[in-house]
Amino acid sequence: MSKTIKIILADDEELFRKGIYFLLQREKNIEIVFEASNGNEVIEYLKKTDSYPDIILMDLKMPFVSGIDATRIIHKEFPVVKIIALTSYNTKAFIANMINVGASSYLVKSATPKEMIDTINKVAQKGFYYNEAVLQVIQDDIIATDKSTINLFDQEYLTVREKEVLELICMQFSTHEIAEKLSISSRTVEGHRNNLLLKTESKNIAGLVVYAIQKKVVVLDTF
């Protein structure tokens, strides 16, 4: 039986938020644990709860604390929580801003219910989900990185196996799928992934992917 995905809905438009709520509650593997009308409510909930949600569906424009500011804070203080940016804006600037502050995916409000549910499941399973438009924004170097100017992907820095795992992660394969492709155990894949996170100083898989693409370890042509 698949693990239940615990979700927070954060959107100041109550009618829209309730529509998403009723849509998602029909999914057997999804549970809505909290609703918020601004970023501050989300942050306060996370500070008080003993059980973090898996994913936050985060609107960008909300009063008091915006979705952008809330994502930046949550990415820093609660990196285990994955955030899907949910917005009406589908421009490179908005995509870059949300990915830059730590969003694991970017979903426009004009998306279909199936696209939303697929995105949630992919983020829950793989840690991130970037469609072609988002990947192109990353490759175009619109997103800033605050890592060291030293190229951490020198041949001597990463092992051959780590590079193989990294490329498959960026191609959005799950841990199990990577293990099958490389004929190694899932536990070994997780070990390589953790080493990659440490070496790149990335907080999560989404950040690792951004860094890897910008350092040109992988290119979109290989996807």
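Attention here is on the structure that accompanies the text.

Glancing now at the nonpolar core. Core analysis: the biggest nonpolar cluster contains 37 residues, and Met98, Tyr130, Ile169 and Val209 have the highest contact counts within it. The set of elements that each furnish at least two residues to this core consists of helix H4 (92-101), strand E5 (105-108), helix H6 (132-139), helix H7 (160-170), helix H8 (175-182), helix H9 (186-200) and helix H10 (205-214). With seven residues, the single largest contributor to this core is H10. Beyond its immediate chain neighbours, meaning those up to four positions away, isoleucine 169 contacts Phe128, Ile178, Arg193, Leu196, Ile205, Leu208 and Val209. Core analysis: the second largest hydrophobic core is formed by 17 residues, Leu24, Ile32, Leu86 and Val123 among them.

Our next topic: the layout of surface pockets. Its boundaries defined by the atoms lining it, the second largest pocket holds a volume of some 390 Å³. What lines the second largest pocket is a set of 25 residues, among which Gln125, Lys126, Gly127, Arg193 and Ile205 lie closest to the centre. Here the lining of the second largest pocket takes six residues from H9, the largest share from any one element.

A word on unusual backbone geometry. Positive phi, close to 70°, is recorded for phenylalanine 64, a residue that is not glycine. In this structure, phenylalanine 64 sits in the loop between strand E3 (55-59) and helix H3 (67-77). With relative accessibility at 78%, the residue phenylalanine 64 sits in the exposed group. Of note in the backbone geometry, glutamine 172 takes a positive phi value of approximately 70° without being a glycine. Within the element layout of this structure, glutamine 172 appears in the loop between H7 and H8. Its relative accessible area of 10% is what places glutamine 172 among the buried residues.

Thresholds, definitions, all that
Residues numbered from 1 in each chain as written. Predicted model: local features only at pLDDT ≥ 70, side-chain atom pairs only at ≥ 80, totals over all residues. Heavy atoms only, no water. Core = buried A, V, L, I, M, F, W, Y, C linked by side-chain atoms within 4.5 Å. Buried < 20%, exposed > 50% of the residue type's maximum accessible area, 1.4 Å probe, protein only. Helix = DSSP H or I, 4+ residues; strand = E, 2+ residues; numbered from the N terminus. Contact = heavy atoms within 4.5 Å. 1 Å grid on protein atoms, 1.4 Å probe; cavity = no way out; pocket = protein on both sides within 12 Å on 5 of 7 lines; lining within 4 Å. Points joined across faces, edges and corners; volume = space filled by probe spheres on them.

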